[in-house]
Amino acid sequence: MPRPSLLARLAQSTHERAQSSLLRRLRTIEHAEGPWLESGGRRLLGFCGNDYLGLAQHPLVIAAFKRTADDEGVGSTAAHLICGHRAEHAALEEALADWTGRERAALFSTGYLANLGVMQALLRAGDMCVQDKLNHACLLDGAALAGAQLKRYPHNDVDGAARQLASRAEAGALLATDGIFSMDGDLAPLRELARLCEQEDATLMVDDAHGLGVLGDNGAGTLSMLDLGQRDVPVLMATLGKALGCHGAFVAGSANLVEGLLQSARTYVYTTAMPPAVAAAALAAVRIARAESWRREKLAALIRRFRDGAQQLGLPLMPSDTAIQPLLLGEATTAMAAAGALEAVGFLVGAIRPPTVPAGKARLRITLSAAHEEEHVDQLLEALSGLAPDEAGSPPL
Ligand SMILES: *Cc1c(COP(=O)(O)O)cnc(C)c1O
């Protein structure tokens, strides 16, 4: 047999994607200003970013970034354990641990790396990693990289998770779930999962990428909202690139956990620490997110406004109370057509297709932010109501 050409095979899979309307396209944003995005010379109102509190362009966040870049330069120049761990990183880790009510926190350069690192540090061959079917891709990849047996359960099905854990009662077990699901916006049954993990001696890990800043007292996240402490959820991961409007991620938990990650998480040890200016900006963002509850209240009011309006229009809302408000359209081509029609009238919304979501569950992933105003939501609803029914005569969308 001749050796296959890897590049020809890749080109073939790209071609197949294009055939199925699944081609991913890169869009260049020329300028961003609050929720407004300029692309292709047009000004579009964006409902696709994850800057839920509107902090990405906050003057104090920008000022902290600039000041630190002026004083310390751009790159951290090394991994944390060499000489990349600066005072800005240390201060941010302390603030994150304090905010989330954990003993200690460790920064990672991205959320993807954080999840890979935690799982690789905790899991060994022969262990099992039990995960919700709709978990973020990097949690699934983390289990695979760690060499653990990946066992998935139907979305938010606590009994399903229990069956998976019971299937190998002797194996070391990590149960990992998104706190808020990134493409659906709904909440994991965390209290029930925490109880299950306690009964089964499994370790619970929650990825709160979309909850931190948005939910809970002072925005401390989904676990804080549900009053789940470090004993209930020993491994908390969240990102700095969403509601905090910056970049990077962290894992928080016991001093033991964090010390272990420093020793063993390869994506912590073998990568350059995030720029100190980014850490300083994130610390400014944490302070604002903690203090300014009005941002969460404004966001919650916009979410209610959107859902009420969408309901009146008969739009296919999903059961989500969070900033992620998908409209379930079904076929990839339908989602693409809807996103295209919205763009034609000045709105940028992500069309999410397989394999990011299951086949037949393509959707518009509409995200709201405290940077939006009521009139922006109303304009979006009006644009959505104006989308024409398709040839088959089904209702709008
Ligand atoms: C965005 C996201 C990540 C990845 O974080 P990055 O910092 O963007 O790499 C991980 N988990 C979830 C649930 C996410 O939504």
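This one's a predicted model, so the numbers in the text were calculated from it and none came from an experiment.

> Report on the domain arrangement of the chain, specifying residues and quantitative values.
Domain parsing of the chain yields domain 1 (29-53 + 293-387) and domain 2 (59-291). Relative to domain 2, the C-alpha centre of domain 1 lies at a distance of 26 Å. Contacts between the two partners involve 21 residues from domain 1, matched on the other side by 21 residues from domain 2. Summed over the shared surface of domain 1 and domain 2, the result is 1 salt bridge. At the boundary of domain 1 with domain 2, the tally comes to 10 residue pairs in polar contact (both at pLDDT 80 or more). Residue assignment for the side of domain 1 that touches domain 2 shows that the elements contributing at least two residues are helix H13 (293-312), strand E11 (324-330) and strand E14 (362-367). Partitioned by chemical class, the residues of the side of domain 1 that touches domain 2 number 10 nonpolar, 5 polar and 6 charged.

> Please provide a residue-by-residue account of the sheet that holds strand E12 (residues 347-348), values included.
Here 4 strands make up an open sheet; going across it, the order is E1-E2-E3-E12 and the pairing mixed. Two strands lie at the open edges of the sheet, namely strand E1 (31-33) and E12, each paired on one side alone.

> Tell me about the pattern of salt bridges, residues and numbers included.
Applying the stated criterion across every chain yields a total of 9 salt bridges. In this structure, Arg27 and Glu343 form a salt bridge, with 2.8 Å as the shortest nitrogen-oxygen distance. Remark: Glu343 occurs in helix H14 (residues 332-344) and Arg27 occurs in the loop between helix H1 (6-19) and E1; sequence separation between them is 316 residues. The class for Arg27 is partly exposed, based on a relative accessible area of 36%. Residues Glu170 and Arg168 are paired through a salt bridge, measuring 3.6 Å at the closest nitrogen-oxygen approach.

Conventions and cut-offs
Residues numbered from 1 in each chain as written. Predicted model: local features only at pLDDT ≥ 70, side-chain atom pairs only at ≥ 80, totals over all residues. Heavy atoms only, no water. Domains from an automatic or database assignment. Contact = heavy atoms within 4.5 Å. Salt bridge = Lys/Arg side-chain N within 4 Å of Asp/Glu carboxyl O. Polar contact = N/O pair within 3.5 Å; in protein donor to acceptor, adjacent residues only side chain to side chain. Helix = DSSP H or I, 4+ residues; strand = E, 2+ residues; numbered from the N terminus. Nonpolar A, V, L, I, M, F, W, Y, C, P; charged D, E, K, R; others polar. Pairing = 2+ DSSP bridges. Buried < 20%, exposed > 50% of the residue type's maximum accessible area, 1.4 Å probe, protein only.

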